[in-house]
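# Structure assessment
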Amino acid sequence: MKIKQKMKNWIVFISAVILFFFFYIFFALRLGSNVRNNVSQGAISMASAFLKSETRAIDDRISNLCSDSSCDYVFEEGFIKCSLGKDEEVIDLSSLFDPDNPLLSSVSISLPGKWTWEKGSASRGDIALSFRLEKTGLEIIYYISSSYLVSSQEKGISLVVRNMIYVAILFITFIVGMAIYTFNREPFAENKNKKTIDRILSAVTEDFVFLVVVDVRTRIEKVFFLSNGPRPKWTGKDKTYDENIKEYAEKIVAPEDRARFLETVEFDSLMNYFKKSGNEVSIEYDVIIDGERRRYQGKFTFSTQDPEGVKIYVGVRDITKIEEERTEYNRRLMSALAEAEEANKGKSYFLFNMSHDIRTPLNAVIGYSELAKKHLDDKEVLEDYIDKIQICGNQLLGLIGDVLDMAKIESGKIDLSLNPCLCQDMMNEVVVSVNESAKEKGLSFEASGNACHTTILCDKVKVQKILLNILSNAVKYTPGGGKVTLSVHEEIKGDGDLSDFTFVIRDNGIGISKEFLPYVFNSFSRERNATLSGVSGTGLGMTITKRLVDAMGGKIEIESEQGKGTTVTVFLTFKRFENKVIEKKEEKLPEISLEGKRVLLAEDNEINSEIASEMLREVGISTEVVTNGEECVNALLSHSAGYYDLVLMDVQMPVMDGYEATRTIRRFQDKDKRMIPVIAMTANVFEEDKEKAYQSGMNGHLSKPIDMALLISTLNKCLHL
């Protein structure tokens, strides 16, 4: 179809060129005729003007010489002699007639009625130009050579023809070039389009290997694109699709994928699939190129939209990197899933134990409360029940504290507050706390060390928590009559700015099994629940301890043998505080009478407000209760300064919370009202909660449940402000 169209185009082109030549020849003949006439007329006009000017000049000169009427002049062989008496003047006329001038064939000069002089020989066809000199009366006739005119005409025509030939050659070259470009623009366009697509594909994706177009009718394929990256050599010039795909499978496709590959992509298999299932087939398979294994994806698309016939488009991509990323993603997903399942199991196990461990003291609280009602008249029994209720309450409080600490650690909020601390004070507080619990259980507890008089920069509360968590476990899991020891060893480093501390806690209790030892620091893990071990706990103590040690840049190690006991070693490094000992100064405030003091209590929970009011009433303090921060502010504004001695402020309340209420109070215009002491009384017990309370303008912080002794101490301190 394309060949026939090209022949028609060339026939039209040749016909147009022939017509152009006929037109060009006709135009050249007409132009030659015009050139001949124009050249003759031009030469004659130019000669006439020149000769006329020259003859006038001669006329003027002769008349000037022979101005007298007695002057006579004669012509002799190109000279005119002017005689005036004895004087003569000779004028050379050679400037008028040059025998070598091809323009003039002859010249005739005469004085009518007297003489005539001629030079040269005129031919037939020569053109005569006649001039009469007005002043002298001379008559000069010039004859223009006809042969010169003919020669000039031929030169003019030759020049015109030569220029026309040049123009014709340039024009024909341009026409031929345009014809070649026009008749072949489709192949040029195809080639340019192919290069453009190659560049686009190379720029857009580096994993494309090749594109092939297969003619369904002939099964002949055409390679459309080959990448510059790692790829097989596609030898498809003189072979059909069937031959090439088999050769490709044998040389490139991995042996284990070869049969599946051919079964899917052989021509007949593809056509059967296209007829039954759709117009697209995809397959992934491994290839081996230069000893390297890669993953390819082949896509075979059936198309009836091509104007040249039905085609199968074959595209192959290198998906090695994609497959690796997908495999790695799946591995991470499975790992995360396993971790999530393990975490869920741990949390489920934790909730199971927590439910048991919480219900145990809670059951005691409820049970002893019921028993107390029945023995209100028996003071001794009633006090015993109340003591046991308090013990169970403290157990519940410890469980809740561990859970809250772990939640805070899991959220990444471990802030270390570094302050100068005397080791002796820090260790004494730990020893006192453990000594009491060890005595109650009938254990022997010993503490020793060499760091008693060292002052260090540390977070005292968190260091004590680490030691108390480990020591409390030692006490819990050591039967009566056993022994628990704590030793502290300090080693000064370098120039004395730092000290390495080693804390060793040993017990001869029940120990930890080898199977559980690797999991001892895991969240929510316990080797035995409270029922089996007889010891309550969350299983979070050692997890919290490990996280705190890590936050301080330290290390913790555990050695244990079931039935023989456990040894826990903690390594921590602290900065020494200029080797100075901090003298402990206890500020003793004089006790003031709380009798008759009036406190404004902002508390939205009725039970909490009743408990607080009763505690305050026990020491002679009267209370007025409001249920939110706004009512608290209004109550202070509605009474005179000094009416209330102090405000106990809950933090979480409706309408206006305790922080905002305190900030509002601190903006009062009345200075006495503005400076009233405000103490937070809240269940928000974290360090940041205390800091937030002080930043809002509060003077103290009491955590719920309220400790009566701490309440009295705080009131005493704030009332001295």
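The text that follows walks through the structure, step by step, so that each part is easy to find. Note that the structure is predicted; figures quoted are calculated from it, not measured.

### Remarks on the overall build of the chain
When you go through the chain residue by residue, the secondary structure sums to 18 helices and 24 strands. For the chain, long-range pairs separated by at least 24 residues make up 61% of all intrachain contacts whose partners lie at least 6 apart in sequence. For the chain, the accessible area works out to roughly 43,300 Å², and carbon and sulfur atoms hold 54% of it.

### Some remarks on the packing of helix α5 (residues 255-265) against helix α6 (residues 267-276)
At their nearest, the axes of α5 and α6 sit 5 Å apart, and the two run at 55° to each other. Relative to α6, the element α5 lies oblique. Two secondary-structure elements touch here, α5 through E263, T264 and V265 and α6 through F267, S269 and L270. Of the residues that constitute the contact of α5 with α6, the class distribution is 3 nonpolar, 2 polar and 1 charged.

### Some points on the environment of E603
Positionally, E603 belongs in the loop between β20 (598-602) and α13 (606-618). Along the backbone, E603 and V626 are 23 residues apart, and their C-alpha atoms lie at a distance of 6.3 Å. Setting aside its immediate chain neighbours within four residues, E603 contacts N608, S609, V625, V626, T627, D650, M653 and K704. Polar side-chain contacts of E603 include one of 2.7 Å to the side chain of K704.

### Considering a negative patch on the surface
A contiguous patch of negative charge, built from D377, D378, E380, E383 and D387, is present on the exposed surface. The topology assignment puts E383 in helix α8 (residues 379-410). Classification of E383 by relative accessible area gives partly exposed; the value is 43%.

### A word on unusual backbone geometry
With omega at -5°, the peptide bond leading from K704 into P705 counts as cis. Along the chain, the position of P705 falls in the loop between β24 (700-703) and α18 (708-719). Non-glycine residue R219 carries a positive phi angle of around 60°. Inspection of the secondary structure assignment puts R219 in the loop between β8 (208-215) and β9 (221-226). Exposure remark for R219: the relative accessible area of 28% places this residue in the partly exposed category.

### Overview of the nonpolar core
Counting 40 residues, the largest nonpolar core has F445, I470, L471, F503, V570 and F574 as its most contacted members. Mapped onto this core, the elements with two or more residues apiece are α9 (423-441), β15 (455-458), α10 (460-476), β16 (483-493), β17 (498-507), α12 (541-551), β18 (555-561) and β19 (565-576). Residues within four places of V570 in sequence aside, it is in contact with I466, I470, F501, T502, F503, V549, K555 and I556. With 29 residues, the next largest nonpolar core counts F267, Y285, F302 and I312 among its residues.

### Points about the sheet that holds strand β23 (residues 678-682)
Taken together, the 5 strands give an open sheet; going across it, the order is β21-β20-β22-β23-β24, and neighbouring strands pair in parallel fashion. Since the sheet does not close on itself, it has two edges, and those belong to β21 (622-626) and β24, each with one partner. Strand after strand, the sheet turns through a mean of 25° between neighbouring axes, direction not considered. In terms of strand pairing, strand β22 (residues 646-649) meets β23 through 3 bridges, oriented parallel. Its bridge partner lying in β23, V647 is registered against V678. The strands that helix α14 (residues 629-638) touches are β20, β21 and β22; relative to β20, the one it contacts most, it runs at about 155°.

### With respect to α14
Buried residues of α14: G629, C632, V633, A635 and L636, and no others. All buried residues of α14 project into a common sector of 160° when viewed along the axis, lining one side. On its buried face, α14 is in contact with β20, β21, β22, α15 (658-665) and α16 (671-674).

### Considering the packing of aromatic side chains
Taken as a whole, this structure holds 10 aromatic pairs when the rule is applied. Ring pairs connect the aromatic residues Y248, F261, Y285 and Y296, which therefore count as one cluster. A cation sits over an aromatic face here: K546 above F521, 6.0 Å from the ring centre. Over the face of the ring belonging to F571 we find K555, whose NZ or CZ atom lies 5.1 Å from the ring centre.

### Let's talk about a nonpolar patch on the surface
Residues I165, Y166 and I169 make up a contiguous nonpolar surface patch of about 300 Å² in total accessible area. Relative to the helices and strands, I165 resides in helix α2 (residues 146-183).

About the cut-offs
Residues numbered from 1 in each chain as written. Predicted model: local features only at pLDDT ≥ 70, side-chain atom pairs only at ≥ 80, totals over all residues. Heavy atoms only, no water. Helix = DSSP H or I, 4+ residues; strand = E, 2+ residues; numbered from the N terminus. Contact = heavy atoms within 4.5 Å. Areas by Shrake-Rupley, 256 points an atom, 1.4 Å probe, with all protein chains shown as cover. Axes fitted to C-alpha atoms, helices over the stretch in contact; angles between N-to-C directions. Parallel < 35°, antiparallel > 145°, perpendicular 65-115°, else oblique. Nonpolar A, V, L, I, M, F, W, Y, C, P; charged D, E, K, R; others polar. Polar contact = N/O pair within 3.5 Å; in protein donor to acceptor, adjacent residues only side chain to side chain. Patch = residues over 30% accessible without salt bridge, like charges linked within 9 Å, V, L, I, M, F, W, Y side chains within 5 Å. Salt bridge = Lys/Arg side-chain N within 4 Å of Asp/Glu carboxyl O. Lys, Arg positive; Asp, Glu negative; His and termini not counted. Charge placed at Lys NZ, Arg CZ, Asp CG, Glu CD. Buried < 20%, exposed > 50% of the residue type's maximum accessible area, 1.4 Å probe, protein only. Core = buried A, V, L, I, M, F, W, Y, C linked by side-chain atoms within 4.5 Å. Pairing = 2+ DSSP bridges. Arc of directions from axis to C-beta. Phe/Tyr/Trp six-rings, centres within 6.5 Å; stacked < 30°, edge-to-face > 60°. Lys NZ or Arg CZ within 6 Å of the ring centre and 35° of its normal.

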